[in-house]
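# What the coordinates show
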Amino acid sequence: MAKHPNHTVIGGGKLLDIAKRKAVSVDILIKGDTIAEIGRPGLAAPEGATVVDAKHRLMHPGLINAHTHGPGNLAKGLHDRWSLELLLTAGQWVGTGRNLEDKYLSAMIGAAEMVLKGCTAAYDLAAEFPLPSVEGLSAMAKAYEEVGMRCVLAPMVADLSFFEAVPGLMDRLPPALQKEVESFKLAPWKATTKQMKKALQKWPFEMVHLALAPTIPHHCSDAFLISCRDLAKEYDVGLHTHVAESKAQVVAGYQRYGTSLAAHMDELGLVSDRFTVAHGVWLDDDDMKRLGDRGASVAHNPGSNMRLGNGLADVRGMLARKVNVAIGTDGASCSDNQNVYEAMRLASLASKVQGPDVETWITTEEALRATTEGGARALGLAKQIGRIEPGYKADIVFLDLHHINWIPINDPVNQIVHTEDGSAVHSVMIGGRMVVENHKLLTVDLPKLAAQAAASQARRAAPMGEARKLYDRLEKVVGSFCPGLAKAPLHIHRFGASHHHPHTH
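Residues numbered from 1 in each chain as written. Predicted model: local features only at pLDDT ≥ 70, side-chain atom pairs only at ≥ 80, totals over all residues. Heavy atoms only, no water.

Let us look at the layout of surface pockets. What the largest pocket holds in volume is close to 1100 Å³. Along the wall of the largest pocket there are 42 residues; nearest its centre are Leu88, Gly91, Gln92, Ala127 and Met156. If you tally residues by element for the lining of the largest pocket, the top one is helix α2 (residues 91-95), at four residues. Here the residues of the lining of the largest pocket sort into 23 nonpolar, 14 polar and five charged. (1 Å grid on protein atoms, 1.4 Å probe; cavity = no way out; pocket = protein on both sides within 12 Å on 5 of 7 lines; lining within 4 Å. Points joined across faces, edges and corners; volume = space filled by probe spheres on them. Helix = DSSP H or I, 4+ residues; strand = E, 2+ residues; numbered from the N terminus. Nonpolar A, V, L, I, M, F, W, Y, C, P; charged D, E, K, R; others polar.)

Right, here's the structure in full:
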């Protein structure tokens, strides 16, 4: 009988059945990186197959982080009270003085954290200043591949700086500061498009795919948005952009276009089944219907939405209008961790504080499906990941059923969403290969990573200190101007507290 060294058999584990809300004893046969068969315990293993003992383990599909920013990982815990607009103002402070190694390092820190916490794929929107580079994108992709994690990597691009994009903001700055923010200027859109095309033409990575991320609609000229649309079509890649994340953003959009941001992007032909809206907190019913009709996705980031004071998204409204909902953590500069279990739990809880009608609340099944199948669809990988089924990639998380989180087991779907926090993750398999085993990351030397991160911090301390001084001066203006924008009357209300509401219904 022929030996099959590229076969793996997982025996003795319990497989989560989301629909039946139970864990079923099964064996799983994997050929190469793909699930070949799921059968009863005692499944015949080909000779020479690797055997994985999954006794006392609950197996669920790898979680998918539908929205993060790799460059943010060097900035976790950097600041406390910043709104989205203050975070955008802090862009230079957060990102200054970075070389290629820092880009690689930041992506690796995030990927390492994600896989240790049960996440096997991410949609990563990565900014480089003043424009993306093939070398920078490759450095980040290399980090993901070395960790052993899947990624859709999207250069996050714009041709207008935050100060040019928000109507009236530049005029509020004193002349001296106006001059200083000229250093925030981005490259012209044609140069940026050329760089993105260069990366798309020759992309050697297998586990990392490219997409495009025009960062925020009104931070991009219409000509640039159209060039992103055409480039995405030409190379058949996804488009991902921050839409209606904050109320100030929506108000600025109306001032700029006379319509909502989603409507404007739809008019330009960007919205399709390869289009993902990040956040979408302030989408109205028409926006949601538009996205649903086009088969588009929303990457819902409940932790970040609260952390930046943006409010509570209407996920029930999105689901009712057939929007594909996925779940993300957002970047570590504004969510501070990359724990997708936490994001999933918050997605459930954030829906439950919006009113007393329990029928409108998001169920744990909906939250879990959003974090697996919904994420897979947003990444354009719906036929490959997000499920543990024959024909799908073997991306499997093994939870330790002797961990306190799982004593006792009542309903595994409720417990993955409401109880699990990542600490019961025993092992993680991606594409049939163990990346985490017995709580240990096999692909990265964490003490070495810590030393590299400390060296990077020391090297960047002086330029960051200078950039921080400029931020402190800008904060005063942005911190009063943008909340002013957010006080404008709007036909929807998404803040958590009614006292922020400028008028009562």
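And the narrative resumes.
The full count for this structure, using the stated rule, is 28 salt bridges. For Glu365, the salt bridge is made with Arg21, and the minimal N-O distance between the two is 3.9 Å. Taken together, the residues Glu365 in helix α16 (residues 364-378) and Arg21 in the loop between β1 (7-17) and β2 (22-31) connect sequence positions 344 residues apart. Taking the relative accessible area as the measure of exposure, Glu365 reaches 23% and is therefore partly exposed. The class for Arg21 is partly exposed, based on a relative accessible area of 27%. (Salt bridge = Lys/Arg side-chain N within 4 Å of Asp/Glu carboxyl O. Buried < 20%, exposed > 50% of the residue type's maximum accessible area, 1.4 Å probe, protein only.)

In this section: the packing of aromatic side chains. Two aromatic rings are characterised by how far apart their centres lie and by the angle between their planes. If you walk through the whole model with that rule in mind, you get eight aromatic pairs. Taking 5.6 Å as the distance between ring centres and 75° as the angle between the ring planes, the aromatic pair formed by Trp82 and Trp93 counts as edge-to-face. Taken together, the residues Trp82 in the loop between β6 (63-68) and α1 (84-89) and Trp93 in helix α2 connect sequence positions 11 residues apart. An identical accessibility class is assigned to Trp82 and Trp93; each is buried. Aromatic ring contacts, followed pair by pair, group Trp82, Trp93 and Tyr471 into a single cluster. (Phe/Tyr/Trp six-rings, centres within 6.5 Å; stacked < 30°, edge-to-face > 60°.)

Evaluation of the coordinates by the stated rule reveals three cavities of 30 Å³ or more. Here the largest cavity defines a volume of roughly 70 Å³. Where the lining of the largest cavity is concerned, the elements lending two or more residues are α1, α10 (247-257) and α18 (446-486).

On to the pairing of strand β8 (residues 150-157), then. Along β8, eight of the eight residues are buried, which leaves the element largely enclosed by surrounding structure. Burial along β8 is two-sided: the face carrying Arg150, Val152, Ala154 and Met156 and the face carrying Cys151, Leu153, Pro155 and Val157 are both buried. As judged from the six bridges shared by strand β7 (residues 119-126) and β8, these two strands associate in the parallel manner. Across the sheet, Asp124 pairs through a bridge with Leu153, a residue of β8. (Pairing = 2+ DSSP bridges.)

Attention now goes to the sheet that holds strand β13 (residues 297-300). In spatial order, the strands read β11-β12-β13-β14; together these four strands make up an open sheet with parallel pairing. The sheet is open, and its two edges are formed by β11 (239-243) and β14 (324-327), each paired on a single side. Neighbour-to-neighbour, the strand axes of this sheet turn through a mean angle of 30°, independent of strand direction. Looking at chain direction, strand β12 (residues 275-279) and β13 are connected through three bridges and run parallel. (Axes fitted to C-alpha atoms, helices over the stretch in contact; angles between N-to-C directions.)

Another point: unusual backbone geometry. Each neighbour pair has its own omega, and for Phe129 with Pro130 the value is 0°, a cis peptide bond. For Pro130, the location among the structural elements is in the loop between β7 and α4 (134-147). Here the bond from Ile407 into Pro408 is cis, since omega is -10°, no more than 30 degrees from zero. With respect to the helices, strands and loops of the structure, Pro408 is situated in the loop between β15 (396-400) and α17 (412-418). With phi around 60°, His56 is a residue other than glycine that occupies positive phi space. Note on placement: His56 falls in the loop between β4 (50-53) and β5 (57-61). A positive phi angle, close to 50°, is found at Asn438, a residue other than glycine. Topologically, Asn438 is positioned in the loop between β17 (433-437) and β18 (440-441).

The next thing to look at is the nonpolar core. In this structure, Met149, Leu153 and Leu283 are the most contacted members of the largest nonpolar core, which totals 100 residues. The biggest single contributor to this core is helix α3 (residues 100-116), with nine residues. Ignoring any residue separated from it by four or fewer positions in sequence, one finds Met149 in contact with Ala111, Met114, Val115, Cys119, Thr120, Ala121, Ala122, Tyr144, Met207 and Ile430. Counting residues in each nonpolar core, the second largest holds 31 residues, with Trp82, Leu87, Val94 and Leu173 among its members. (Core = buried A, V, L, I, M, F, W, Y, C linked by side-chain atoms within 4.5 Å. Contact = heavy atoms within 4.5 Å.)

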